[in-house]
Amino acid sequence: MMRHFLPTVLSLLLLPCAICWADVDAEVLYNRCEVIVNSPTDMKCHVSRKIQVNNASGKYIGLFEEYTDSFSSISSFSGAVESNGKVVKKIKKSDIYTENCSEGLADDTYVNIYTPEATLFPYTVEYEYTIEYRKGIISFPVYAPVVAFDTPVREGLYHISVPRDMEIQYKAWTEPEVKETDKTKEYFWTLTDFQPIKKEHNMPLLSTLLPVVKARPSNFRYLGTQGSQSDWNSVGKWLEEIMPQEEPMPEDLKAKVHDLTDGCSSDLEKVKALYKYLKENTRYVSIQFGLGGFSPTSPSVVHKKGYGDCKALSYFMKSLLAEAGIGSEYFTLNTDWSLTESSPGVGTMNHAMLMVPLQEDTLWVECTNPHLPLGYRHEDVAGRKVLIVNSDGGSLVGVPAYPDTLTLRMTECKVDFQQDGSAKVQVHETYRLSEAEPFISFRELKNEDAVSILSKHYAVQTDDKKIISISDNFQDYTGTPGYIPEVSIDWSFLSRKYGSLNADRILLPVVIENSHFSSQKSSRVHDVVFRTPYQEKNRLVLTVPDGYSVEFLPSPVSVDTEFASYALEYAVSGNTITITESLRANRCILPASEYDSYRSFVKSCNKAVQAKIVLKKNE
Amino acid sequence: MKLKFFFVSVFLMLCLDSMAQRIPVSEKVDDISVEECAFETYPADTSAAALVLWENCKADIDYSHTYGFCYHKVYSRRLKILKESGKSIASGAIYISKDKDESENVLRLTVTTYNLEDGKIVRTKAPKSSIVKSDYNENTQKIAFAAEGVKVGSVVEISYELFNTRFLDIPDFYFQSEIPVNLSTYSISIPVWMGFNRAMRGFDHIDNDTFKVNGERIEGIDDNTHRMDVYRAVDLPAFTDEAMLYCPDQYLDAISYEVTAVSLPGNFRDFSQKWETVATAVCESPICIVMNARSRFKDEVESICAGKTDDLEKLSAILDMVRSNVIWNEKITLVPDNQANVIKAHSGGSADVNAIAGSAFAAAGFKVSPVLVRLRSRGTLMTNRPMLSAFNTFILHVVTSDGKDLFVDAADPSGYFNVLPENYLVHSAFDVKGEASFEWVNLDNLSTNTTYYMVNAEVSDEGTVSGHLGGKYINVSSYDFKDTFRDYDNEDDLYEQMEKFIPVDISNMTVTGFDDFGDSSTLDLDFEAECETAGDMLIVNPFLFKILSDAAFTKEVRTFPVDFSYPEITRYVYTLKIPEGYAVAQLPKNCVYKSSLPSTMSFRVLTDGSTVRVQFQFDNKAMIALPDDYSEVRKYWTDVCAVFNERIIFKKAE
């Protein structure tokens, strides 16, 4: 009996895998990367990759794309496309298309692309190439063998060979096998039959699902400099070392700073005056070249040119503040994720800003976009850990997050419904925090463009749109904690087809904003991650036209779950109906096994917003 | 010699000053007035973040001792920064060819900022460090620049000269821009020994005049006269894109020149074209050469056709065979490679697949011709400007033995005979019959395109509406359905997408036709949805989804035409069983809407006591609506879409 049972179990285990792979658009047959470090400034990366493309949807998975710059180049390349066991195309280095990938003033990054021509499916495409790096190694090429969703990897290998005395640090999905020879230390990460990852909305971060290796030398040399990235303090030390040489501030700028700030009665006033000066006299221009990718250009250059990148503008602002007697800290961050204690690295950051400690509060100043209200911590920095860089080296600090409940969109619509089915609608909208961000330069827009942005939220047709007033507190930061940017807009429109008229009844919508929720039909694979807390409150006040009375008012709806809550309530007073809608999304993780509760929440909300109020002509 | 030209052209520009711009400007480079620096808003568009104060291009074609015959332009663009968000336009880049034969070169590039400080103009010229040359790609050099000292109120002027030897290929000049234009002046000087055609585009008035001037003396050419055309445009609005436009760029105010002949002593070259000569050129090009070559699939074609009598069956089988041997690489091309290369690679562009299919059809005895198409996304074909380069691709015209005309794009797997993608549905396509012989064919009405939905539903006492939806898509409607959903080859994904399209709970879904070479496809599914219940009432929405969207008609005023996708008849029939114990309390009103467009909608609701039947039919034959008609079309569209808000109300019988 046992003898028969065993093979059956095995075949059952293999079955899902076989079915899954037969359905995929493409599969990575192997993806091998071998990094040979010859010295602290030179390395070679040999890559061999073979992908089987099963159908037209998988074609993009077979393309070749590598980035190079003035410190790296593709030294050898070959490839082939095979179909039915025959080579149908040999790919040469000259087949690669290379293009500068920046619209900035100076950027030495180039993208190298080859797109295989479609042939009879399935076909395989194979690449073998070497990229040589010179003048310094800050990190080793990131190894990410899973190249797309729904794409399995049969075999993966990442091999780093470094001189025996070179220490490396890494973050990887698994521990490597380590071998030592007389001269080298070798690290091997291997991967076999990695199952495809399904793409779903609100899924966990890919870094938690995919096999990835990010490795770097603990001590490095780069363009004639050297440093350590064994901890954040050392990373900061190196960044501080490559900062521009201190030079005297140009006299005219010095005079300007004093002119702007000497009469100010507080540090906050000085910061405000200099932030305004920054906004009026500089602009962002991307410059990413050599060490310039890590260090700012000097304040005198920014002053002369009136432009700079994020590093240069932050450092310029720091020098302006210093001249006004205000201390500040230059910091770098990653706008996509929070820096972590366990992964220090020079190349981890992609942005720079300025921290200004005040007496009662600390400012986190975005110098690249000085339109942002002073005192506001935008979404890319709030709640993140960032690296302060100063003469003591680097230190990770946490930027305070806002309480989840503060992000808000609120509308109040007064609907004056007419018997011909049209309605005059007066709207009062309020936005807070990140919801308010799109409205910072809203006053600059002409009425036509402004109302066009506002009306996109509405499901009814909007005519004769007019902005009545805009008020905000973007300049009202007082230097105390708790400042929340907020904007309120009053506008009006006419909706010619607001309700459906029919004989002696009128049908009216209960929600006029676009609000359809979607969920996936299929069973959920990943947990559902709600990352962005959100709150919306809408109030619609409707006047029942003369001669009509309410025949049907939909039942109130209230759905409360761990991840979100939704309520739609009705109140009638005289000839006025007030509809109150509220939606709150919480920051939480819903296990995949409980996805049905999300789907059922979505269904309840969708049903609620589609309801109609029925008015009937009085007899 | 150039100076002479430009002095004359400046003078001539002044002759066109009948059109005064909103902001007076000095029409001389590096001559900025205090007023230009001082003004703060542009009255014609007070929300503009930046303004083209003056753009000037003086182009000429002449002989240069350095370059030989060449195209040369002196260009300047003066910008005014009006708002913080406008500062970004003070940076930019010029892209030039690296091809040595073209000798393209930019000279005397200067980028200067002018700021008004204490009533005086302070001039800041960008140094070399703010002008960066780099290789953009193998063929192109990029010259990036960033003006210095830019603030709100600044005037920034960019000026340079450009030479190249592509003197037969005169670039278009665009008067309009993404920001408003205060004044734009353009002059072009062309020797009288060059013939040309010109064409203006756009919706705004451009003043223009023509003069005679003297050009460079060239040995052996007696007449050094040039014809100079001068243009002047003032107060042009910022160009903004609008929804439902295939090719917005074709509406930008611009001027095009096309060289038709060069007539030098002992050397006459005629570039002028008639459509007959274009037809001959097509016949001599690889388009006809590859199509008329012996089919590499002759044996397969013979075998396929053996025993078949129906032409459509033969053609379908041949096309299926061609497509299984040569996969379309999704590139739209005009000129095919030879059959052997393409078949060896098993892959090719649209021209390759069509040429091979054309050759295979011919091998089966069908009369085949190439039909050249300018895609809708590339703008309307100008039939008064004959040139082969006007076209982007070609499809096939096949005539069956009984004289039926069939048009097919052999490359596209979602298409069929007389079923083309909407980008190909043009009024004038160029059907090449032979040398100097052609016909214009209309591709936008090859077939009747129909979408038909039949819904049978019932509603429970608790308000659950359940039933079955059957959908049938014919011709371009089928193409559209297949093209929208065929990539969701995984069942889960298909369900997910379909629930976005039809927002109800879907089960037992089947689709047919996705992988078939045919003109129809079907959709069948069961659904469940909730209706409103209140006391003794049930309120049912007869539309499971909004069949049309009015999203493209949200703007109250339209500048450019509305392009519709394709002519289509959409029918939606919804039959709802009246729930037991309930009676109809309210039915939507019947209505019929018409517009000045060839488009009608009818909406009827009937009841026979046991069921309610809702019939919606939308018949739209319009391909375009002009801006003048927009207001009326918008009202029509809104009226049509309003029926999707109608409800059927049942009340419990007493």
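Check the entry above for the structure.
To start, this report covers the structure provided alongside it. Being a predicted model, the structure only gives us computed values, none of them experimental. (Residues numbered from 1 in each chain as written. Chains lettered and ligands numbered in written order. Predicted model: local features only at pLDDT ≥ 70, side-chain atom pairs only at ≥ 80, totals over all residues. Heavy atoms only, no water.)

Turning our attention to the overall build of chain B. In terms of regular secondary structure, chain B is built from 11 helices and 36 strands. Dimensions along the principal axes, computed over C-alpha positions, put chain B at roughly 95 × 70 × 45 Å. Within chain B, counting contacts between residues at least 6 apart in sequence, those at least 24 apart form 73% of the total. Only carbon and sulfur atoms are counted for the fraction: they give 48% of the accessible area of chain B, which is about 27,600 Å². Separation between the mean location of the 64 positive side-chain charges and that of the 97 negative ones in chain B comes to 6 Å. (Helix = DSSP H or I, 4+ residues; strand = E, 2+ residues; numbered from the N terminus. Contact = heavy atoms within 4.5 Å. Areas by Shrake-Rupley, 256 points an atom, 1.4 Å probe, with all protein chains shown as cover. Lys, Arg positive; Asp, Glu negative; His and termini not counted. Charge placed at Lys NZ, Arg CZ, Asp CG, Glu CD.)

Each helix and strand in chain A was counted, giving eight helices and 38 strands. C-alpha extents for chain A along the principal axes are approximately 100 × 90 × 45 Å. Each of the 619 residues in chain A was classed as buried or not, and the buried ones make up 53%. Taking as baseline every contact in chain A between residues at least 6 positions apart, the subset at least 24 positions apart corresponds to 70%. Each charge class in chain A can be summarised by its mean position, and for the 64 positive and 81 negative side chains these summaries are 5 Å apart. (Buried < 20%, exposed > 50% of the residue type's maximum accessible area, 1.4 Å probe, protein only.)

Turning next to unusual backbone geometry. Residues and elements named next belong to chain B. One non-glycine residue with positive phi stands out, namely Asp 118, at about 55°. When its relative accessible area of 81% is taken as the criterion, Asp 118 is described as exposed. At Asp 235, a residue that is not glycine, the phi angle is positive and equals roughly 50°. Summarising the element assignment, Asp 235 is placed in strand β13 (residues 225-236).

Attention shifts here to the interface of chain A and chain B. In this complex, chain A contributes 65 residues to the contact, which on the side of chain B involves 74 residues. Here chain A packs against chain B, burying approximately 5,600 Å² in sum over the two surfaces, 44% of which is carbon and sulfur. Among the residues chain A hides against chain B, the three largest losses belong to A:Arg283, A:Glu444 and A:Lys521. Together they make up 12% of the total. Put simply, A:Lys465 and B:Glu556 hold a salt bridge, and the shortest N to O gap is 3.6 Å. Inspection of the region where chain A meets chain B yields 32 residue pairs in polar contact (both at pLDDT 80 or more). Tallied by class, residues from the side of chain A that touches chain B come to 18 nonpolar, 21 polar and 26 charged. (Buried area = accessible area lost by both parts, 1.4 Å probe. Salt bridge = Lys/Arg side-chain N within 4 Å of Asp/Glu carboxyl O. Polar contact = N/O pair within 3.5 Å; in protein donor to acceptor, adjacent residues only side chain to side chain. Nonpolar A, V, L, I, M, F, W, Y, C, P; charged D, E, K, R; others polar.)

The next thing to look at is the sheet that holds strand β6 (residues 131-135) of chain B. All names here are of chain B. Taken in spatial order, the three strands line up as β3-β7-β6 in an open sheet, and their pairing is antiparallel. Where the open sheet ends on each side, the last strands, each with one partner, are β3 (91-97) and β6. Across this sheet, the average inter-strand angle for adjacent strands is 20°, counted without regard to direction. (Pairing = 2+ DSSP bridges. Axes fitted to C-alpha atoms, helices over the stretch in contact; angles between N-to-C directions.)

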